[in-house]
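# Results of the structural survey
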Amino acid sequence: MTERNFNDSPQRRENPDPHEALHPVPKILLAMIGGLLIWAVSYIYIAQPDTDPALGDRRGLGVLAAVPTKAVDGGQIFAANCAACHQATGTGIPQVFPPLAGSEWVTGDERKLVQVLLHGVTGPIEVAGASYNGAMPAFGDKLDDEALAALLTYLRSAWGNTAGPVTADLVQAQRKASADRTTPWNGGAELAALK
């Protein structure tokens, strides 16, 4: 029978677990935590308002419900959806995206402009004397009538354009008139033929 060496046992080959001893947390960390706690308590004490909390907003629900909501901002809609292609200045990108500033499509028949935004356009179109052949996405399923009207009014009055505003009623009527359309307009020729 062989005698087993105690030093070869699995328990002796493992390193002992580390001990925290007398310094479990660095003193600098404890000082930082203490300083933050002192700052937080003093900030709450100093920032506490001296006014009576009962003096807050005393308007009733009837008054708050009568406050008008902010009107839809066509400029913000343009910045969020259109400026990447047509640029913030409305000049577009030559040979790629047509300009909106001085465009006969923007300042012309507002019904055709509504249709462009409702269904989009693919194929060749001439804008301000230059030909473009690309694709514009439809916004009819993304924006409601008021938002489209605000956007169109913005387009027709920005960058030196002086065309009249577009109403939500006109957008709604044009949406109903082309409700069965599921594809974009096929270029400027099909839009020009639109009655």
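Residues numbered from 1 in each chain as written. Predicted model: local features only at pLDDT ≥ 70, side-chain atom pairs only at ≥ 80, totals over all residues. Heavy atoms only, no water.

Judged by nonpolar contacts, the single largest core of 29 residues is most densely connected at Leu151 and Leu152. Looking at this core, the elements with two or more residues in it are helix 4 (74–81), helix 6 (104–107), helix 7 (110–119), strand 1 (121–127), helix 8 (145–157) and helix 9 (168–177). Broken down by element, this core gets its largest block of residues, six residues, from helix 8. (Core = buried A, V, L, I, M, F, W, Y, C linked by side-chain atoms within 4.5 Å. Buried < 20%, exposed > 50% of the residue type's maximum accessible area, 1.4 Å probe, protein only. Helix = DSSP H or I, 4+ residues; strand = E, 2+ residues; numbered from the N terminus.)

Bringing the packing of helix 8 against helix 9 into the picture now. As a packed pair, helix 8 and helix 9 sit with axes 8 Å apart at the nearest point and diverge in direction by 115°. Judged by the inter-axis angle, helix 8 sits roughly perpendicular to helix 9. Read as a crossing pair, helix 8 and helix 9 show a hand that is right-handed. Residue-level contacts link Asp145, Glu146, Leu148, Ala149 and Leu152 of helix 8 to Ala168, Val171, Gln172 and Arg175 of helix 9. Broken down by class, the residue content of the contact of helix 8 with helix 9 amounts to five nonpolar, one polar and three charged. (Axes fitted to C-alpha atoms, helices over the stretch in contact; angles between N-to-C directions. Parallel < 35°, antiparallel > 145°, perpendicular 65-115°, else oblique. Left-handed = near helix turned anticlockwise from the far one by under 90°. Contact = heavy atoms within 4.5 Å. Nonpolar A, V, L, I, M, F, W, Y, C, P; charged D, E, K, R; others polar.)

Okay, a nonpolar patch on the surface next. Together, Val25, Ile28, Leu29, Leu30, Met32, Ile33 and Leu37 make up a nonpolar patch on the protein surface, roughly 670 Å² of accessible area in all. Summarising the element assignment, Val25 is placed in the loop between helix 1 (10–13) and helix 2 (27–47). Residue class for Val25 comes out partly exposed when judged on its relative accessible area of 36%. (Patch = residues over 30% accessible without salt bridge, like charges linked within 9 Å, V, L, I, M, F, W, Y side chains within 5 Å. Areas by Shrake-Rupley, 256 points an atom, 1.4 Å probe, with all protein chains shown as cover. Salt bridge = Lys/Arg side-chain N within 4 Å of Asp/Glu carboxyl O.)

On average, residues of the protein score 79 in pLDDT, and 78% of them reach the 70 mark or higher. Mean pLDDT across the elements of the protein ranges from a minimum in helix 1, with 60, to a maximum in helix 2, with 89. (pLDDT = per-residue confidence, 0-100.)

Attention now moves to helix 7. Summarising burial for helix 7: eight of the ten residues are buried, a large majority. For helix 7, the complete set of buried residues consists of Lys112, Leu113, Val114, Gln115, Val116, Leu117, Leu118 and His119. The positive-phi residue at the C-terminal boundary of helix 7 is Gly120, with phi of around 80°.

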